[in-house]
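Here is what each chain is made of, one letter per residue.
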Amino acid sequence: MSINVSNNTKFSAKKVSIDTLKTDCIVVAAFSDGKLSSTTQQLAKNSDLAISDLYKQEEFTGKLGQQVTFYQPTKNIGKAIILGFGEKDKTSITSFRKALSGLGKILAKSTLKQTVLCLDEVEIPDCTSETKARICAEAISHGRYQYTQTLPGKKAKSNVSISYATDNTKDANKGLTKGHAIGKGMNVARELGNLPGNICTPSYLASQAKKLGKANKNLSVKVLSEKQMKELGMGSLLSVSAGSHEPAQLIVMEYKGAAKSEKPHAIVGKGITFDTGGISLKPGAGMDEMKFDMCGAASVFGTMTTLLELQPKINVVAVVAAAENMPGSKATKPGDIVTSMSGQTIEILNTDAEGRLVLCDALSYVERFKPQSVIDIATLTGACVIALGGHATGLFSNDDDFADELVAAGIKSGDRAWHMPMWDEYQGQLDSNFADIANIGGRPAGSITAACFLSRFTKKYTWAHLDIAGTAWLSGGAKGATGRPVPLLSEYLLSK
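Once a new chain begins, its residue numbering starts again from 1 and follows that chain's sequence as written. Only residues with pLDDT of 70 or above have their local features reported here, since the model is predicted, and side-chain atom pairs are shown and tallied only from 80 upward, although totals for entire chains, interfaces and linings are computed over all residues. Side-chain measures here rest on the full set of heavy atoms in the structure, leaving out hydrogens and waters.

A.B. asks: Looking at this structure, I do not really get the sheet that holds strand 11 (residues 337-339). What am I missing?
C.D. replies: Paired through backbone hydrogen bonds, the strands of a sheet run either parallel or antiparallel to each other. Two strands are counted as paired when DSSP detects at least two bridges linking them. Under the scheme used here, helices are H or I runs from DSSP no shorter than 4 residues and strands are E runs no shorter than 2 residues, and both carry numbers assigned from the N terminus. Taken together, 3 strands build an open sheet; the order of strands is 11-12-16 and the sheet is mixed. Lying at the two open borders of the sheet, with one neighbouring strand each, are strand 11 and strand 16 (437-438). Across 2 bridges, strand 12 (residues 345-347) lies against strand 16 in parallel orientation. From the neighbouring strand, Ile346 faces strand 16, where its bridge partner is Ile437.

Given below as structure tokens:
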């Protein structure tokens, strides 16, 4: 099997006249104070739509994300979706994005061949047509994703054309291109995350990277075997895969969009393709969701997909530390001591704190590229879920200015992160009587001490750690990978 993310949505910007428009569907705006956009007013006039009656009867209030559908409002328009944007004078980029997320889900269920979005006229302070178009393309691309690989009876969605109505077609097309690329990257990350652990193994990830390299001239790929990792002294990473018959893989992808002399930015992903906890076995309930423990790696693949779509003039190194954490006869035991690539010894007090063990060697390895910046991405701690829930990614860094850049990228992309402390006082929790460092620091401030552990291996460059344990996937009826933080990572890298 290979990554199967359909690219069946085509976006374009064009000028539109509501009087002559022919389309399967049109999407127009309304607001909670009874106000309508100019296109909505014209559509109502041309079709005698009794929108005002809906307001009076409170069947439609225009609140954020609310939708009402009219069928065949005119001879040439098959369907009209009126989308609520809340109070007209309080519309923001955040509320615009929220309204569009609901639309993406509706269009995902639709078999319409052509849809016209008349949403550029929604006025947002300091927001351009390019930004609004990008949000639309990202939301719809994300919404049209569906998982089919192990559902043989489920067919891929048909092709659809989305037109963004605007007079500013040049800038809007830029936004549509960027939004579609980010949406595609998110969907690649979701697909990898959603695959079961018996398919998406470390070797599978390695094979996908090689396929990506063969398909793109400016992407070089190499994969280090366990033998090569052992020669490099990666005893920490290899301690995680010791109990599994699946060999660990260190996957290195180099995107070369700028001059060779330009130092790269680096992204490093935790790729635990299934995490039983090892000897420190997890409870059985909910363990199926541990296939999502490679979502950090998935976001790296997704971000590289976005970069390959947009071809920015930048150099990026992507490293994925892939392993399976199993309780086999050769598995690492609590109390074992291993030596990392950096030469630091680690006392493994809990084999379920394995993500930091693969990442620390990957972070040491990335030094050789002399990176401008390094970001590691990992579903690292349940403590981060308790601290921030599923709304924000935990952000830790050894450089406050760098952290501020990432926070700003998160706000701009709608994929927010929160800067957490990583003070020296927390480092003492990782003291060990038998090694340079312990791999856990106890229950207090668990996400912080995990970041402190990683910081011991990142002293030679500007570094940030994104703990995505709360944001990488959803549980319950909506179970599945989210594709975060591909938008944040893409926004940061594209800004360079």
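A.B. asks: Explain empty space enclosed by the protein here, please?
C.D. replies: Gaps left between atoms show up when a probe the size of a water molecule is rolled over them. Cavities and pockets are defined on a 1 Å grid built over the protein atoms alone: a cavity is a set of grid points where a 1.4 Å probe fits but cannot escape, while a pocket is an open set with protein on both sides within 12 Å along at least five of seven lines, and lining residues are those with an atom within 4 Å of any such point. Grid points are joined across faces, edges and corners, and a volume is the space filled by probe spheres set on the points. Counting across every chain of the model gives 2 cavities of 30 Å³ or more. Within this model, the largest cavity holds a volume of roughly 80 Å³. Ser239, Val240, Gly243, Gly278, Asn325, Met326, Ala331, Thr332, Ile348, Thr351, Glu354 and Leu357 together form the lining of the largest cavity. Residues are sorted three ways: Asp, Glu, Lys and Arg are charged, Ala, Val, Leu, Ile, Met, Phe, Trp, Tyr, Cys and Pro are nonpolar, and all the rest, Gly among them, are polar. Of the residues contributing to the lining of the largest cavity, the split by class is 5 nonpolar, 6 polar and 1 charged. Its boundaries defined by the atoms lining it, the second largest cavity holds a volume of some 50 Å³. Taken together, Leu107, Ser110, Thr111, Leu112, Thr115, Ile140, Arg144, Val160 and Ile162 make up the lining of the second largest cavity.

A.B. asks: Sorry, what's going on with the packing of helix 9 (residues 295-310) against helix 14 (residues 486-494) here?
C.D. replies: Each packed pair of helices is defined by two parameters, the angle between the axes and the distance between the axes. To obtain an axis, a line is fitted to C-alpha atoms, over the contacting stretch when the element is a helix, and the angle between two such axes runs from 0 to 180 degrees between their N-to-C directions. Orientation of helix 9 relative to helix 14, taken along the N-to-C sense of each, is 45°, at an axis distance of 9 Å. Compared by their axis directions, helix 9 and helix 14 come out oblique. At the point where helix 9 passes helix 14, the crossing takes the right-handed sense. Counted together, Ser299, Gly302, Thr303, Thr306, Leu307 and Leu310 of helix 9 and Val486, Leu489, Ser490, Leu493 and Leu494 of helix 14 form the full contact between these two elements. Convention used here: angles under 35 degrees read as roughly parallel, angles over 145 as roughly antiparallel, angles from 65 to 115 as roughly perpendicular, and any remaining angle as oblique. If you view the pair so one helix is near and one far, a crossing is left-handed when the near helix is turned anticlockwise from the far one by less than a right angle, and right-handed when it is turned clockwise. In what follows, a contact means two residues having at least one pair of non-hydrogen atoms within 4.5 Å.

A.B. asks: Can you help me understand the nonpolar core in this one?
C.D. replies: In summary, soluble globular proteins display a tendency toward joint burial of nonpolar side chains. Core analysis: the biggest nonpolar cluster contains 57 residues, and Leu192, Met253, Ile267, Met304 and Ile375 have the highest contact counts within it. Per element, the largest residue contribution to this core is 8 residues, and it comes from helix 9. Not counting residues up to four positions away in its chain, the partners in contact with Ile267 are Val300, Thr303, Met304, Val316, Val317, Ala318, Val319, Ile375, Ile377, Leu489 and Leu493. With 48 residues, the next largest nonpolar core counts Leu224, Leu250, Cys452 and Trp463 among its residues. Within this scheme, the nonpolar core is defined by two criteria: the residues are buried Ala, Val, Leu, Ile, Met, Phe, Trp, Tyr or Cys, and they are joined through side-chain atoms within 4.5 Å. For the exposure calls, accessible area comes from a 1.4 Å probe over protein chains only, and a residue counts as buried if that area is under 20% of its type's maximum, exposed if over 50%, partly exposed in between.

A.B. asks: Would you mind showing me how to read the packing of aromatic side chains here?
C.D. replies: Any aromatic ring pair is given by two values, namely how distant the centres are and how the planes are angled relative to each other. Stacked, tilted and edge-to-face pairs are distinguished by plane angle, under 30 degrees for stacked and over 60 for edge-to-face with tilted covering the rest, among Phe, Tyr and Trp rings (Trp via its six-membered ring) whose centres lie within 6.5 Å. A complete count under the given rule lists 8 aromatic pairs for this structure. With a centroid separation of 5.5 Å and an interplanar angle of 75°, the aromatic rings of Tyr55 and Phe60 are classed as edge-to-face. Like Phe60, Tyr55 is buried. Geometrically, the ring pair formed by Phe85 and Phe96 is stacked, given 5.5 Å between the ring centres and 20° between the ring planes. Of this pair, Phe85 sits in the loop between strand 4 (77-84) and helix 3 (93-108) while Phe96 is found in helix 3, placing the two residues 11 residues apart along the sequence. Across the pair, exposure class does not vary: Phe85 and Phe96 are buried alike. Taken together, the ring pairs connect Phe31, Phe85 and Phe96 into an aromatic cluster. One cation-aromatic arrangement involves Lys88 over Phe31; the distance from NZ or CZ to the ring centre is 5.6 Å. Here, a charge over a ring means that NZ of Lys or CZ of Arg falls within 6 Å of the ring centre while also lying within 35 degrees of the ring normal.

A.B. asks: It is not clear to me how the layout of surface pockets should be interpreted in this structure. Could you clarify?
C.D. replies: Its volume calculated, the largest pocket comes out at about 1600 Å³. Secondary-structure elements contributing two or more residues to the lining of the largest pocket are helix 3, helix 4 (129-143), helix 5 (169-194), helix 12 (400-413), strand 18 (473-474) and strand 19 (480-481). Approximately 610 Å³ is the volume found for the second largest pocket. In terms of lining residues, the second largest pocket is bounded by 25 residues, among which Asp352, Leu380, Thr381, Gly382 and Ala383 are the most central. Take the lining of the second largest pocket: its biggest share by element is 3 residues, from helix 11 (residues 382-388). When its residues are assigned to classes, the lining of the second largest pocket shows 8 nonpolar, 9 polar and 8 charged.

A.B. asks: I keep staring at the sheet that holds strand 17 (residues 463-467) and nothing clicks. Help me out?
C.D. replies: What the 8 strands build is an open sheet, ordered 7-8-10-9-13-17-14-15; its pairing is mixed. The outermost strands of the open sheet, each flanked by one partner alone, are strand 7 (219-224) and strand 15 (417-419). Averaged over all adjacent pairs, the angle separating strand axes in this sheet is 20°, with direction ignored. For strand 8 (residues 249-256) and strand 10 (residues 315-325), the ladder comprises 8 bridges, and the chain directions are antiparallel. Bridge pairing in strand 10 places Gln249 opposite Ala322. Lying over the sheet, helix 6 (residues 202-215) contacts strand 7, strand 8, strand 9 (265-275) and strand 10, oriented at roughly 20° with respect to strand 8. Set on the sheet, helix 13 (residues 446-455) makes contact with strand 13 (373-378), strand 14 (393-397) and strand 17; between it and strand 17 the angle comes to about 145°.

A.B. asks: What should I look at first to understand the environment of Tyr204 in this one?
C.D. replies: Topologically, Tyr204 is positioned in helix 6. Spatially, the C-alpha atoms of Tyr204 and Gly175 are 33 Å apart, while their sequence positions differ by 29 residues.

A.B. asks: I'm lost on the side chain of Asn218 in this one. Help?
C.D. replies: Along the chain, Asn218 turns up in the loop between helix 6 and strand 7. Accessibility expressed as a relative area gives 17% for Asn218, which makes it buried. Two N or O atoms form a polar contact when they lie within 3.5 Å of each other; inside protein one atom must be a possible hydrogen donor and the other a possible acceptor, and for residues adjacent in sequence the pair counts only when both atoms belong to side chains. Of note is the side chain of Asn218, whose polar atom sits 2.7 Å from the side chain of Gln311. Each residue touching Asn218, except ones within four places of it in the same chain, is listed here: Glu254, Tyr255, Lys256, Leu308 and Gln311.

Structural measurements only, silent on function.
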